[in-house]
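Inside the fold
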Amino acid sequence: MSVDPSAPMNYVDDDASSGSGDDGNLLDGQNKRPSVTPSSSGRRKRSRKATGDAIVDAMLEIAAASKMRASAIMKNEDRFSISKCIKVLDEMQDKSTGLDDLDIELDEMELVAAAAGYYYYNSITRQIRCSSSPSGSGFLNVVLEGPDDLCREMFRMEKHVFHNLCYTLRHRGMLRDTAGVMIEEQLAIFLNIVGHNERNRVIQERFQHSGETISRHFNNVLKAIKSLSREFLQPPNICTPPEILNSNRFSPYFKDCIGVIDGMHIPAHVPAKDQSRFRNRKGVLSQNVLAACTFDLQFIFVYPGWEGSAADSRVLRAVLDDPDQNFPHISEGKYYLVDTGYSNMEGFLAPYPGVRHHLHEYRGANQLPRNAKELFNHRHSSLRNVIQRSFDVLKTRFPILKLAPQYAFHVQRDIVIAACVLHNYIRHEERHDWLFSGIEGVTVDELPDFDEQPELQFASSIQEQIASSLRESIAGVMWNDFLNKWDQW
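So, a few notes on the structure that sits alongside this text. Note that the structure is predicted; figures quoted are calculated from it, not measured.

1. With respect to helix 9 (residues 183–196)
- Across its 14 residues, helix 9 extends 20 Å between first and last C-alpha, which sits within 8% of the 20 Å expected from 1.5 Å per residue.
- Most of helix 9 is tucked away: 13 of the 14 residues are buried.

Here it is in structure tokens:
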């Protein structure tokens, strides 16, 4: 039977690198089968079994010698063909690859068959590995062509948001299609991992790619989405937010408020030598993430990576003292709302200390405020609750933030940033996203503060006086209106 050297041969995982762990175990030189000893006459008198062993030996030698050369071929993003196999074999003959150690002679067609068989064997084993599941692109098509709920569940966003994000990443050159994995599938791999906290092995089975391919595309997408942070983590508008302007409870009292700042503790996986620093006051290993958000549930600024034992006020001071962190400039007279874990200072308005300020403390028989300070703290806490709702949506969409992922710590930090970027992107593309719609008008109970009092008083006396004066004036006007107008408190 004649063989056309130029005939293409399909390969299931063209994008997979030959340096995967499974191949590495297969290609160990010590695992070679013993070669067949030729007869003294030098003639090729081999049984069918000997021929099979010889082909397997050739397959192993080809694989062992082609690790770097196969990678170079794959960069051309063309599918595998027998003609390319012959080219690899020709290159092998020009180099010392160990084929001379075989004491049998194989003609060119047998070598070609061996190389083709090697790739065919890989394609078959990948198909058998999860024959009951669709291939990677098949799984992607099932999700994108299926019900809307399936896309929300698997990719954590609406279909049109997913397609728009793929277009952005492709159009700007942040990601590129490869021979075996399109950008849509690369993004789907990433979203499956962060949206379900799935392990690499599970994603291998789902998308039918090697572990190395999954890991590589996860990191590529992570880097691409993180690079969008400057565009989608934007400083707040200095105008009074509509959420304040349209509420008699908050306007005109908080008309100069531009956002909310708080700390978020994300479980962390760190080496044993660092665990004492990352163990927070509840005994959990975590990273302390400083976050600022608008009243539209969008993040303004995110600063992950601080050890869990660090106080919120210390993290904020480190950010303000480091111009490289690019914390948004606070215009004169404007301020962020902060909780009791931060100092009350110019630009950062905290509630009155020693006065009930958690929303659950105003329920039941004691719900009415008894003085100006309690009224101020209640409304301050009600307005500040927006950041708890933002955290709730973020962690619900990306459960990887609820558990410590088994990644290097710098990757854990980047995952937090990427999750916040995607959070804002989805809010921008689809305001009626099901998670955002479900949180509207809902009060999320605050977890008990890790830092009920600031660790240190960083603010100067002048800054404290300015902030205290502002707080007193707001509380006084608010209490007077509460007593005289009694619209709602």
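So that's the structure; there's more coming.
2. Considerations on the environment of Gly-283
- Along the polypeptide, Gly-283 turns up in the loop between helix 14 (275–278) and strand 2 (286–293).
- As for Gly-283 and Gly-308, which are separated by 25 residues in sequence, their C-alpha atoms are 9.3 Å apart.

3. So, the pairing of strand 2
- Of all eight residues making up strand 2, eight are buried, and the element is well covered by its neighbours.
- Where burial is concerned, the two faces of strand 2 agree: the one with Ser-286, Asn-288, Leu-290 and Ala-292 and the one with Gln-287, Val-289, Ala-291 and Cys-293 are both buried.
- In terms of strand pairing, strand 2 meets strand 3 (residues 299–307) through six bridges, oriented antiparallel. Paired with Ala-292 across the strands is Phe-301, a residue of strand 3.
- In sequence, strand 2 turns back onto strand 3 through a hairpin of five residues, with Leu-297 there showing a positive phi of about 70°.

4. Considerations on the nonpolar core
- Grouped together as the largest cluster of nonpolar side chains are 83 residues, with contacts concentrated most on Phe-155, Phe-162, Leu-187, Phe-190, Phe-254, Phe-299 and Leu-401.
- With 11 residues, the top contributor of residues to this core is helix 17 (residues 409–429).
- Excluding anything up to four places from it in sequence, Phe-162 contacts Leu-140, Leu-144, Phe-155, Met-157, Glu-184, Leu-187, Ala-188 and Leu-191.
- Counting 20 residues, the second largest nonpolar core, distinct from the first, contains Ala-292, Tyr-303, Phe-327 and Tyr-336.

Thresholds, definitions, all that
Residues numbered from 1 in each chain as written. Predicted model: local features only at pLDDT ≥ 70, side-chain atom pairs only at ≥ 80, totals over all residues. Heavy atoms only, no water. Helix = DSSP H or I, 4+ residues; strand = E, 2+ residues; numbered from the N terminus. Expected span 1.5 Å × (residues − 1). Buried < 20%, exposed > 50% of the residue type's maximum accessible area, 1.4 Å probe, protein only. Pairing = 2+ DSSP bridges. Core = buried A, V, L, I, M, F, W, Y, C linked by side-chain atoms within 4.5 Å. Contact = heavy atoms within 4.5 Å.

Shape is all these values report; function is a separate question.
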